[in-house]
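Each chain, written out:
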Amino acid sequence: MTSVALVRTPLSPLLRLLILTQLAFNIGFFAVLPFLAEHLAEAIGMAGWLVGLVLGLRTFSQQGFFVVGGALADRYGVRPVVLAGCVLRIAGFGWLGYAGETWSVVGAVLLIGFAAALFSPAVESEVARQAVEWEETGGGSRTRVLALFTVAGQVGAFVGPLLGALLLAVDFRVTCLAGAGVFVLVLGGHAWLLPQRIPGRARITQKGGMGTLVHNKPFRALCCAYGAYLLAYNQLYLALPEEVERAAGSQAPLAWLFALSSLLVVSAQLPVTRWAGERLDPRRSMAAGLLLIAVGFTAVAVARPAQLAGTTGLLPATALVVMLTLGQMLIAPVARAWVPDLAEPGRLGLYTGALSSVSGLIVLLGSVATGTLLDTGLPAAVPWLVLAAVPVAAIGLLPRRSSPSRPSRRR
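Residues numbered from 1 in each chain as written. Predicted model: local features only at pLDDT ≥ 70, side-chain atom pairs only at ≥ 80, totals over all residues. Heavy atoms only, no water.

## Concerning the overall build of the protein
(1) Moving on: Looking only at helices and strands, one finds 18 helices and zero strands in the protein.
(2) Moving on: Taking the principal axes of the C-alpha coordinates as reference, the protein spans close to 55 × 45 × 40 Å.
(3) Moving on: A buried classification covers 58% of the 411 residues belonging to the protein.
(4) Moving on: Considering only residue pairs separated by 6 or more positions, the protein has 86% of its internal contacts joining residues 24 or more positions apart.
(5) Moving on: Only carbon and sulfur atoms are counted for the fraction: they give 67% of the accessible area of the protein, which is about 15700 Å².
(6) Moving on: Here the protein holds 30 positive side-chain charges and 18 negative ones, and the gap between their average locations is 11 Å. (Helix = DSSP H or I, 4+ residues; strand = E, 2+ residues; numbered from the N terminus. Buried < 20%, exposed > 50% of the residue type's maximum accessible area, 1.4 Å probe, protein only. Contact = heavy atoms within 4.5 Å. Areas by Shrake-Rupley, 256 points an atom, 1.4 Å probe, with all protein chains shown as cover. Lys, Arg positive; Asp, Glu negative; His and termini not counted. Charge placed at Lys NZ, Arg CZ, Asp CG, Glu CD.)

## Here's the deal with the layout of surface pockets
(1) Moving on: Put simply, the largest pocket is a space of about 440 Å³.
(2) Moving on: Per-class residue counts for the lining of the largest pocket are 11 nonpolar, six polar and six charged.
(3) Moving on: Taken as a whole, the second largest pocket encloses approximately 280 Å³ of empty space.
(4) Moving on: Residue assignment for the lining of the second largest pocket shows that the elements contributing at least two residues are α3 (36-43), α4 (48-64), α12 (239-248) and α17 (348-375).
(5) Moving on: With four residues, the single largest contributor to the lining of the second largest pocket is α3. (1 Å grid on protein atoms, 1.4 Å probe; cavity = no way out; pocket = protein on both sides within 12 Å on 5 of 7 lines; lining within 4 Å. Points joined across faces, edges and corners; volume = space filled by probe spheres on them. Nonpolar A, V, L, I, M, F, W, Y, C, P; charged D, E, K, R; others polar.)

## A closer look at the environment of L292
(1) Moving on: Checked against the element boundaries, L292 lands in helix α14 (residues 282-303).
(2) Moving on: Taking relative accessible area as the criterion, L292 reaches 26% and is therefore assigned partly exposed.
(3) Moving on: Distance from L292 to P391, taken between C-alpha atoms, is 8.9 Å for residues 99 residues apart in sequence.
(4) Moving on: Excluding residues within four positions of it along the chain, L292 makes contact with M323, L326, G327 and L330.

## Some details on empty space enclosed by the protein
(1) Moving on: A complete count under the given rule lists five cavities of 30 Å³ or more for this structure.
(2) Moving on: Around the largest cavity, the lining comprises 31 residues; the ones closest to its centre are Q22, N26, Q62, Q63 and R336.
(3) Moving on: The biggest single contributor to the lining of the largest cavity is helix α2 (residues 13-30), with five residues.

## Focus: helix α11 (residues 217-233)
(1) Moving on: Here α11 contains 17 residues, and its C-alpha end-to-end distance of 24 Å stays within 8% of the 24 Å for a straight helix at 1.5 Å per residue.
(2) Moving on: With 14 of 17 residues buried, α11 is to be regarded as a mostly interior element. (Expected span 1.5 Å × (residues − 1).)

## With respect to the packing of aromatic side chains
(1) Moving on: The final tally for this structure, using the stated rule, is 10 aromatic pairs.
(2) Moving on: Each member of the aromatic cluster is reached from another via a ring pair, and the members are F25, F93, F119 and F183. (Phe/Tyr/Trp six-rings, centres within 6.5 Å; stacked < 30°, edge-to-face > 60°.)

## So, the pattern of salt bridges
(1) Moving on: A full pass over the atoms with the stated rule returns seven salt bridges.
(2) Moving on: When the shortest N-O distance is used, the salt bridge between R142 and E135 registers 3.0 Å.
(3) Moving on: Here E135 falls in the partly exposed class, since its relative accessible area comes to 28%.
(4) Moving on: When the shortest N-O distance is used, the salt bridge between E278 and R279 registers 3.4 Å.
(5) Moving on: Residues participating in the shared-partner salt-bridge network are E126, R129 and E133. (Salt bridge = Lys/Arg side-chain N within 4 Å of Asp/Glu carboxyl O.)

## Considering a negative patch on the surface
(1) Moving on: On the surface, a cluster of negative charge is made up of E42, E242, E245 and D375.
(2) Moving on: You can see D375 is positioned in helix α17.
(3) Moving on: For D375, a relative accessible area of 44% puts it in the partly exposed group. (Patch = residues over 30% accessible without salt bridge, like charges linked within 9 Å, V, L, I, M, F, W, Y side chains within 5 Å.)

## As for the side chain of R336
(1) Moving on: Along the chain, R336 falls in helix α16 (residues 315-342).
(2) Moving on: The buried charged residue R336 lacks any salt bridge, with E124 as its nearest oppositely charged partner at 4.0 Å.
(3) Moving on: Beyond its immediate stretch of four places on either side in the chain, R336 contacts E124, L146, F149, T150 and Y226.

## With respect to the side chain of S356
(1) Moving on: Tracing the backbone through its elements, the reader meets S356 in helix α17.
(2) Moving on: A relative accessible area of 5% places S356 in the buried class.
(3) Moving on: Setting aside chain neighbours within four positions, we find S356 in contact with Q63, G64 and F66.

## Describing α2
(1) Moving on: Compared with the 26 Å implied by 1.5 Å per residue over 18 residues, the 26 Å span of α2 between its first and last C-alpha is a close match.
(2) Moving on: Of all the 18 residues making up α2, 15 are buried; the element is thus mostly covered by neighbouring parts of the structure.

## Quick word on the nonpolar core
(1) Moving on: Core analysis: the biggest nonpolar cluster contains 127 residues, and V82, L96, F219, Y229, L240 and F297 have the highest contact counts within it.
(2) Moving on: Among the elements that line this core, the one with the most residues is helix α7 (residues 102-136), at 15 residues.
(3) Moving on: When near neighbours in sequence (up to four residues on either side) are disregarded, V82 contacts F25, F119, A122, V123, H190 and L194. (Core = buried A, V, L, I, M, F, W, Y, C linked by side-chain atoms within 4.5 Å.)

Now the structure itself:
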């Protein structure tokens, strides 16, 4: 699907490389991450709250430091930041494969997260910048380019868990080393193909930019709403594995649920983006996505007290995955496409990073709270109802102004 869309869409060679970069990143990442919670709980013996904290730290070290990676990309360019991030990700996966104590696991996941905090905002901000240029030269909607970027990532998210499930039959360490091997290939490919200097991208030599960002009220609102979405989506790695384990007696169906999510994005992201672009402004598109996510959590909450098991018991979890994925398709490309209209000229990397940093902090705090909720012995439906309330509340945080706050050529 991604290769067909790339052929049909007249993108520049750089955009094609960056989109394929996202594909490779996610193959390596998702070969490991979906199985981390079970490894921490079963092999290392961590309590639920500590598993939640470790997963939250991983997300925060990634999302929380995106602002650093974005600022570095603005200052030094895309290539050195991407290559440095790949080196750190290789080291982090290798470390995680051999980590057997809590402090060691925490160090490994922090390194894994910080690696992505370097390469992801560099790639994402350049994709957004190139997408705006593509739109301004008459190529089509920038949201379509960012939707294609999302599709590429989901192809990787589809292949990664299947690869990880196969390798997990041998050992978790083998899975980690395979993930590191993918990033070795990515590092070599980008050292060869990624340009030293990208035409049209001026490096920022002046310090600062944070003051304007902090006082940008519409951008702050977007960050908070996007953070609530990311907290909900992060339950694929925290709450969902527990529900699958309860219903099926093992986490074997988890890889197939991740595959379902990825297949939905691969097959439906571009049509959904086109449909939403013709009918919904950015605020309404994100609001619709948040409502769908709330419906998914509500489905589990309604079914949970019945203690359904087996194939029937997996139906609520499947509904959650479908709703989360549909919500993601409406939210993620639109949020990324919105950022260039709210960003200060020349600071797109900083703003792209800040979007993820704020949401990373929300995920860190929310993951600890979720892990505690799941461990406290509350009535079965309560944690899921709380999770359903989060995206509903986030709708009220969305910026009221759906039209661009500044000309799209200012990036």
